[in-house]
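What follows is each chain in one-letter form.
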Amino acid sequence: MATNVTSATKVHTVSTMQEAKEQVRSFIAQGYTKDQLFVLAHDKDRTERLAEATDTERIGLEEEGVVTAVANLFRSRGKELRAKMQSVGIRASEAERLEKELDRDKIVVIAWGGKPYENDDYDPLISYYPPFLI
């Protein structure tokens, strides 16, 4: 039985808006829909510009859930970003590493498999590019 590639979550870290656009196009070519695609930057305004330029969604209430969305109103930007990433299945330690990449002006492009995650739950099958070296 074949598995649906779009049920797998993939996370790519890129450096420029052009690379983010190319990655989004690649994910769409793989079968992901625009409501499964997210871009994140450390700066909120940059995230908004990237989402608009790539025609992708923002990680919001549907993905985060009410409790996380409300809590994010009171969190620092770093904690908010980590919570958003965790809500789509990224392990806390990986969200922390990705947030450090965002601090270095990188862009995170996420193709979400669609399963919501809460608390310490995470997706063990996420693929990352560039791959994590532990």
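Every chain is numbered on its own, with residues counted from 1 as its sequence reads. Two thresholds apply to this predicted model, a pLDDT of at least 70 for residue-level local features and 80 or more for giving and counting side-chain atom pairs, whereas whole-chain, interface and lining totals are computed over all residues. By convention in this description, side-chain values take in all heavy atoms of the structure and omit both hydrogens and water.

Under the annotation held in an unreviewed UniProt entry, the chain carries the name General stress protein and is attributed to Paenibacillus aurantiacus.

Undergrad: Just checking my understanding: could you explain the pairing of strand β1 (residues 10-14) for this structure?
TA: Within a regular beta strand, the side chains point alternately toward one face of the sheet and then the other, so they alternate between its two faces. To sort residues, take the accessible area from a 1.4 Å probe on protein chains only and compare it with the maximum for the residue type: under 20% means buried, over 50% means exposed, and anything in between is partly exposed. Numbering of helices and strands starts at the N terminus; helices are DSSP runs of H or I of at least 4 residues and strands are runs of E of at least 2. Counted residue by residue, β1 has five buried out of five residues, so it is predominantly covered. Burial along β1 is two-sided: the residues Lys-10, His-12 and Val-14 and Val-11 and Thr-13 are all buried. Pairing of β1 with strand β3 (residues 107-111) involves five bridges; the strand directions are antiparallel. Note on β3: the bridge partner recorded for His-12 is Val-109. The pairing of β1 with strand β4 (residues 127-129) spans three bridges and is classified as parallel. By the bridge assignment for β4, Val-11 is matched with Tyr-128. Pairing between strands is defined by DSSP: at least two bridges between the two strands are required.

Undergrad: Teacher, can you tell me more about the pattern of salt bridges here?
TA: Close approach of charged atoms lets side chains of opposite charge pair. By definition here, a salt bridge exists when the distance from a side-chain nitrogen of Lys or Arg to a carboxyl oxygen of Asp or Glu is within 4 Å. With the rule as written, the count across this model stands at ten salt bridges. The partner of Lys-34 in a salt bridge is Asp-55, with the nearest N and O atoms 2.7 Å apart. Placement of the pair is Lys-34 in the loop between α1 (17-29) and β2 (37-40) and Asp-55 in the loop between α2 (44-54) and α3 (61-64), with a sequence separation of 21 residues. Between Glu-101 and Arg-104 there is a salt bridge, with its nearest N and O atoms 2.5 Å apart.

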